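# Report on the structure
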Amino acid sequence: MLLQDKTILIANISGKRSTGWAIAQSFAQHGAKVAYTYQNERFGNEVRKLFEPLDSIDVGECDVTSDEDIDKLIERLGNKVDALDGLVHTPAFAKEEDLSNGFINTSRDGFKLALDISCYSLVALSRSALPLMEVRGGSIIALSYIGGEKAVKNYDVMGVAKSALESSIRYLAVDLGPKNIRANAISAGPMRTLAARGLKNFSDMYEGMKDKAPLKRNITTSEVGGTAAFLCSELASGITGEVLHVDAGYHAVGV
Ligand SMILES: NC(=O)c1ccc[n+]([C@@H]2O[C@H](COP(=O)([O-])OP(=O)(O)OC[C@H]3O[C@@H](n4cnc5c(N)ncnc54)[C@H](O)[C@@H]3O)[C@@H](O)[C@H]2O)c1
């Protein structure tokens, strides 16, 4: 199996509609042991129930705005495993008012918060997990969106956060490459998840994609799961610093 004997941490999962859960299912299907975390107990109950049938490790809650929380999370994981083969980063957040009033009106606090949760947390998690990941080498994956490459209406500060996230992936790839740790992003098309509900014109983004994308359809969270499994596997051993689009080809098309 593609991910046999690998342990991969998904930080974090919000519930059954989340991309993180689709990735977890794909990892499990391919033989990995999945370690998982959730933001807080609001999500904990549902997430723990989802994982009951899988070979998994509950690493508890973690608020990624706290370095202490992140370090404790990795400490708890380190008490259960000797090495970590993969880390998937999913957190993203921006205040509602910073996704609907025009980018020019983004507040200083809102900008900092969006970049902290949606981008810096990748750096902090990667650093904390490094001692476990350098044991056998591994794969880091972040989730992005085309709003990090092009200006997308109402995506605003989240687009800036995704640009920074994709850039962080390239810098992590350079720092961690000598330790045989690869870092890549998946730029996914719109999917109906909890985070998507926070976007004012999500339906336009979702429906609009079908007309323009070469495949003439939307993508599913399980397609992102499959790509994440590939990126964590030896099949992708030569790929790092990459932003891989899973968007039915939407990014490739002009007017
Ligand atoms: N849904 C889409 O259309 C889409 C498209 C492209 C990329 N993405 C990206 O995929 C990733 C997963 O999003 P999703 O759509 O599955 O929705 P989601 O709501 O499941 O994921 C967002 C996650 O961020 C977490 N989070 C927010 N603030 C946090 C904090 N302070 N500490 C810890 N965790 C925190 C939430 O708990 C949640 O698990 C995000 O990075 C998102 O930007 C989503």
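Owing to the predicted nature of the structure, the values given are computational and were not obtained by experimental measurement.

### Structural notes on the site of the ligand
Looking at the ligand, there are 28 residues lining it, with Asn12, Ser14, Thr19, Met191 and Thr193 nearest. In this structure, Thr90 approaches the ligand through a main-chain N or O atom, which is 2.8 Å from an oxygen atom. When isolated, the ligand has an accessible area of 810 Å², and the protein chains bury 94% of it. Counting residues per element, the ones that place at least two in the shell around the ligand are strand S5 (138-144) and helix H6 (194-197). Per-element accounting of the shell around the ligand gives the leading share, three residues, to H6.

### Considerations on the sheet that holds strand S2 (residues 33-38)
Here seven strands make up an open sheet; going across it, the order is S3-S2-S1-S4-S5-S6-S7 and the pairing parallel. Strands with a single pairing partner mark the edges of an open sheet, and in this sheet they are strand S3 (56-61) and strand S7 (243-246). Each strand axis lies, on average, 20° off the axis of its neighbour in the sheet, ignoring direction. Inspection of the sheet shows S2 paired to S3 by four bridges, in the parallel sense. If you follow Ala35 over to S3, its bridge partner there is Ile57. Against the sheet, helix H1 (residues 19-29) touches strand S1 (7-11), S2, strand S4 (86-89) and S5, its axis set at about 170° to S1.

### Considerations on the state of the cysteines
As enumerated under the stated definition, the model contains zero disulfides in all. Considering cysteine sulfurs only, Cys119 is the nearest to Cys62, which forms no disulfide, with 16 Å between them. With relative accessibility at 7%, the residue Cys119 sits in the buried group.

### Here we look at the packing of H1 against helix H8 (residues 221-232)
For the pair H1 and H8, interaxial distance at closest approach is 8 Å and the crossing angle is 55°. With respect to H8, the element H1 is oriented oblique. Pair H1 / H8 crosses with right-handed handedness. Each of Thr19, Ala22, Ile23, Ser26 and Phe27 in H1 lies in contact with H8, whose residues at this interface are Thr221, Ser222, Val224, Gly225, Gly226, Ala228, Ala229 and Cys232.

### Details of the packing of helix H4 (residues 108-133) against helix H5 (residues 156-176)
Look at H4 against H5: their axes get within 8 Å of each other, and the N-to-C directions meet at 20°. The angle between H4 and H5 places the two elements in the roughly parallel class. Remark: the crossing between H4 and H5 carries right-handed chirality. Together, Phe111, Ala114, Leu115, Ser118, Cys119, Leu122, Val123, Ser126 and Leu130 of H4 and Val157, Met158, Val160, Ala161, Ala164, Leu165, Ser168, Ile169, Leu172 and Leu176 of H5 make up the contact between the two elements.

### Points about the packing of aromatic side chains
By the definition in use, this model includes five aromatic pairs. Here the aromatic rings of Trp21 and Phe51 are separated by 5.1 Å at their centres, their planes lie at 70°, and the arrangement is edge-to-face. In this pair, Trp21 sits in helix H1 while Phe51 sits in helix H2 (residues 41-51), placing the two residues 30 residues apart along the sequence. For the residue pair Trp21 and Phe51, the accessibility class agrees, reading buried in each case. Each ring, one from Tyr36 and one from Phe51, has its centre 3.8 Å from the other, and the planes form 10°; the classification is stacked. Here Phe51 lies in helix H2 and Tyr36 lies in strand S2, a separation of 15 residues in the sequence. Assessed through its relative accessible area of 1%, Phe51 is described here as buried. An aromatic cluster of three or more residues is present, and its members are Trp21, Tyr36, Tyr38 and Phe51.

### With respect to the side chain of Thr193
If you trace the backbone, Thr193 turns up in the loop between strand S6 (181-188) and H6. The class for Thr193 is buried, based on a relative accessible area of 11%. Filtering out sequence-adjacent residues up to four positions away, Thr193 remains in contact with Arg17, Ser18, Thr19 and Thr221.

### Things to note about the UniProt feature "binding site: substrate" (unreviewed entry) in the chain
When the UniProt feature table is mapped onto this chain, "binding site: substrate" (unreviewed entry) is found at Ala94. Inspection of the secondary structure assignment puts Ala94 in the loop between S4 and H4. Given the relative accessible area of 9%, Ala94 is considered buried. Those residues in contact with Ala94, other than ones at most four positions away along the chain, are Leu99, Ala114, Val157 and Met158.

Cut-offs used in this document
Counting starts from 1 at the beginning of each chain's written sequence and moves along it residue by residue. Local features in this predicted model are restricted to residues whose pLDDT is 70 or higher, and side-chain atom pairs enter the listing and the counts only when it is 80 or higher, whereas totals over whole chains, interfaces and linings include all residues. With hydrogens and water set aside, each side-chain value is computed from the structure's full complement of heavy atoms. We call a residue near a molecule or strand as soon as one heavy atom of that residue lies within 4 Å of the molecule or strand. As used in this structure description, the phrase polar contact means that two N or O atoms lie within 3.5 Å; if the pair is within protein, one of them must be able to donate a hydrogen and the other to accept it, and residues adjacent in sequence are counted only when both atoms belong to side chains. To measure how exposed things are, a 1.4 Å probe is used in the Shrake-Rupley method; for residues, cover is taken only from the protein chains shown. Helix numbers and strand numbers start at the N terminus; a helix is a DSSP run of H or I with at least 4 residues, a strand a run of E with at least 2. Criterion used throughout: strands pair if DSSP finds at least two bridges between them. Helix axes are fitted only over the stretch in contact, all axes being lines through C-alpha atoms; the angle between N-to-C directions runs from 0 to 180 degrees. Contacts are assigned to residue pairs that have any heavy atoms within 4.5 Å of one another. Any pair of cysteine sulfurs within 2.5 Å is marked as a disulfide. Residue exposure (1.4 Å probe, protein chains only): buried if accessible area is under 20% of the type maximum, exposed if over 50%, otherwise partly exposed. Should an angle fall under 35 degrees it is taken as roughly parallel, and over 145 as roughly antiparallel, whereas 65 to 115 is taken as roughly perpendicular and any remaining angle as oblique. Less than a right angle of anticlockwise turn of the near helix away from the far helix marks a crossing as left-handed, whereas a clockwise turn marks it as right-handed. The aromatic pairing rule takes the rings of Phe, Tyr and Trp, using the six-membered ring of Trp, and pairs them if the centres are within 6.5 Å, calling planes under 30 degrees apart stacked, those over 60 edge-to-face and the rest tilted. UniProt positions are given in the numbering used here, feature names are shortened, and annotations may be inferred rather than shown by experiment.

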